[in-house]
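So the chains spell out like this:
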Amino acid sequence: GNEPESALVFDAAGNLYGTTQNGGSANAGVVYKFDPAGNETVLYSFTGGADGAEPYAGVILDSAGNLYGTTSSGAGGTCQNGCGTVYKLDTSGHLTVLYSFTGGDDGGSPASGLLMDAAGNLYGTAQFGGKLGGGVAFKLTN
């Protein structure tokens, strides 16, 4: 990947996780890991399709080691390059799209990071859409 502008997060074993907004097999961004010895592993390379593209924000970890994040474009919706997604990347490298934005009342282009509460609900913001077109704050329930 290239253009790593996101925040980074450590797990309990000292691995460091982050995203790049471009690069990877489809030039749509990646999720990567550096182990304590400095070895890099690309955990997921976005396709720019239904899985999303351009993960500007970093990832967060749950207690089981799963990663959660957003892509600011890709998938579908009314946005020019797709409206973005919220995703989960499990410990085996399998990505699940938890939500695809439409650009309407639900918003579009979630370029910020996520927060997770104790119940596993995810919170974030999207730059566009909403009732007045100026963006939304959202909650995805677990």
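See the structure shown above.
Below, the structure is looked at part by part.

Procedures and definitions
Within every chain, residues take consecutive numbers counted from 1 along the sequence as written. For this predicted model, a pLDDT threshold of at least 70 governs which residues receive local features, and a threshold of 80 or more governs which side-chain atom pairs are given and counted, while totals over whole chains, interfaces and linings are taken from all residues. With hydrogens and water stripped out, all remaining heavy atoms of the structure feed into the side-chain values. Paired strands, in this sense, are two strands between which DSSP finds at least two bridges. Strands here are runs of E lasting at least two residues and helices are runs of H or I lasting at least four, both read from the DSSP assignment and numbered beginning at the N terminus. We define a salt bridge as a side-chain nitrogen of Lys or Arg found within 4 Å of a carboxyl oxygen belonging to Asp or Glu. Working definition: with a 1.4 Å probe on protein chains only, accessible area under 20% of the residue-type maximum means buried, over 50% means exposed, and in between means partly exposed. For our purposes a nonpolar core is just a set of buried Ala, Val, Leu, Ile, Met, Phe, Trp, Tyr and Cys residues, chained together by side-chain atoms within 4.5 Å. Two residues form a contact once any of their heavy atoms are found within 4.5 Å.

### Considering the sheet that holds strand E10 (residues 122-126)
Within a sheet, adjacent strands bond to each other through the backbone by hydrogen bonds, running parallel or antiparallel.
For step 1, the next point in the chain: Pairing within the open sheet is antiparallel, and its three strands lie in the order E9-E10-E11. In this open sheet, the two strands that pair with only one neighbour each are strand E9 (115-116) and strand E11 (136-140).
For step 2, the next point in the chain: Inspection of the sheet shows E10 paired to E11 by five bridges, in the antiparallel sense. Within E11, the residue paired with Thr125 across the bridge is Ala137.

### Here's the deal with the pattern of salt bridges
For step 1, the next point in the chain: Counted by the stated rule, this structure contains one salt bridge.
For step 2, the next point in the chain: Asp105 serves as the salt-bridge partner of Lys131, at 3.6 Å between the closest nitrogen and oxygen. Of this pair, Lys131 sits in the loop between E10 and E11 while Asp105 sits in the loop between strand E8 (95-100) and E9; the two residues are 26 residues apart in sequence, bridging distant segments of the chain.
For step 3, the next point in the chain: Judged by its relative accessible area of 73%, Lys131 is exposed.
For step 4, the next point in the chain: By relative accessible area, which is 52% here, Asp105 ends up exposed.

### Overview of the sheet that holds strand E7 (residues 85-89)
For step 1, the next point in the chain: Here we have four strands laid out as an open sheet, ordered E5-E6-E7-E8, and antiparallel in their pairing. Looking at strand neighbours, the two that pair on one side only are strand E5 (60-61) and E8, the edges of this open sheet.
For step 2, the next point in the chain: The sheet contact formed by strand E6 (residues 67-71) and E7 spans five bridges and is antiparallel. The residue of E7 that forms the bridge with Tyr68 is Lys88.

### Thoughts on the nonpolar core
Soluble globular proteins tend to pack their nonpolar side chains together in the buried interior.
For step 1, the next point in the chain: In this structure, Val9, Tyr17, Ala28, Val31, Tyr44, Phe46, Ala53, Val59, Leu67, Tyr87, Leu89 and Leu95 together form the largest nonpolar core, which totals 12 residues.
For step 2, the next point in the chain: Not counting chain neighbours up to four residues away, the residues in contact with Val59 comprise Val9, Tyr17, Thr19, Val31, Leu67, Tyr68 and Tyr87.
For step 3, the next point in the chain: Counting residues in hydrophobic clusters, the runner-up holds 11 residues, among them Cys83, Leu122, Phe138 and Leu140.

### Concerning unusual backbone geometry
Among all residues except glycine, the phi angle is most often negative; among peptide bonds, the trans geometry is most common.
For step 1, the next point in the chain: For Asn27, which is not glycine, the phi torsion reads 55 degrees and is therefore positive.
For step 2, the next point in the chain: Tracing the chain through its elements places Asn27 in the loop between strand E2 (16-20) and strand E3 (30-34).
For step 3, the next point in the chain: Backbone geometry places Glu54, a non-glycine residue, at a positive phi of 55 degrees.
For step 4, the next point in the chain: Summarising the element assignment, Glu54 is placed in the loop between strand E4 (40-45) and E5.
For step 5, the next point in the chain: Looking at Glu54, the relative accessible area reads 26%, which means it is partly exposed.

### Points about the pairing of E8
For step 1, the next point in the chain: Here E7 pairs with E8 via five bridges, running antiparallel. Opposite Leu89, over in E8, you have Leu95 as the bridge partner.
For step 2, the next point in the chain: From the end of E7 to the start of E8, which pair antiparallel, there are five residues, and Gly93 there has a positive phi angle of about 90 degrees.

Honestly, that's just the spatial picture; any functional story needs more than this.
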